[in-house]
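# Structural characterization, general
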Amino acid sequence: MRPSWDEYFISIAQVVASRSVCLRHKIGAMIVDDDKQILSTGYNGPPRGMRHCADRAACIREKGGIASGMQQEYCFGLHAEQNTIVQAAREGIRLLGSTLYCTYKPCSLCARMIVNAGIGEVHFMADYPDDLRLTILTEGGVTYIKWDGPVSEAPSFAEEVRTDGDI
């Protein structure tokens, strides 16, 4: 049986997550238009040209004992949703009315970016500990849908860690 579009795009987001160099969580996101064309992809990691935590000998959040969802500014990396929106902007791609697929529910900062980018719908796999995002997405007119379908384990490409900062 052919997978649904949602299952197809969630599985691609999982593969995109495998490119992350984050030592704590591997998150992937992608944005598609109404015609089911992929507009942009992104995964969590540092900005272009910056060293990632493996090159710094440790995750600064882990060393500082910072819980997931707290003090998000204390990290060298950007979230996958941020990177996919920034990648689209870098390429001049319009996101108005598009759909974002992500392996985690966006945090409140990503939710604000999603609303301002004009993304109309978010599909996500796992929750993120940030209650403010629900208010932001709802008031911003963004529909959010938790994926309840099959979840496969994304392949690991840890041996192929990128150091060029490419998102």
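Refer to the structure printed above.
As a starting point, this report considers the structure included with it. Keep in mind that this is a model prediction, so the values were computed, not measured. (Residues numbered from 1 in each chain as written. Predicted model: local features only at pLDDT ≥ 70, side-chain atom pairs only at ≥ 80, totals over all residues. Heavy atoms only, no water.)

Below, the discussion takes up the packing of helix H4 (residues 108-117) against helix H5 (residues 132-139). Taken N-terminus to C-terminus, the directions of H4 and H5 make an angle of 10°; their axes are 8 Å apart at the nearest point. By the criterion of interaxial angle, the relationship of H4 to H5 is roughly parallel. Note on element contacts: H5 touches H4 through Leu132, Arg133, Ile136 and Leu137, opposite Ser108, Ala111, Arg112, Ile114 and Val115. Classifying every residue of the contact of H4 with H5 gives 6 nonpolar, 1 polar and 2 charged. (Axes fitted to C-alpha atoms, helices over the stretch in contact; angles between N-to-C directions. Helix = DSSP H or I, 4+ residues; strand = E, 2+ residues; numbered from the N terminus. Parallel < 35°, antiparallel > 145°, perpendicular 65-115°, else oblique. Contact = heavy atoms within 4.5 Å. Nonpolar A, V, L, I, M, F, W, Y, C, P; charged D, E, K, R; others polar.)

Now for helix H3 (residues 80-91). A rise of 1.5 Å per residue sets the reference length of H3, with its 12 residues, at 16 Å; its end C-alpha atoms lie 17 Å apart and thus fit the reference within 8%. Looking at H3, one finds that the buried residues are Ala80, Glu81, Gln82, Asn83, Thr84, Ile85, Gln87 and Ala88. Of the surrounding elements, those touching the buried residues of H3 are strand S1 (28-32), strand S2 (38-43), strand S3 (99-104) and H4. Phi turns positive, to about 70°, at glycine 92, one or two residues after H3. (Expected span 1.5 Å × (residues − 1). Buried < 20%, exposed > 50% of the residue type's maximum accessible area, 1.4 Å probe, protein only.)

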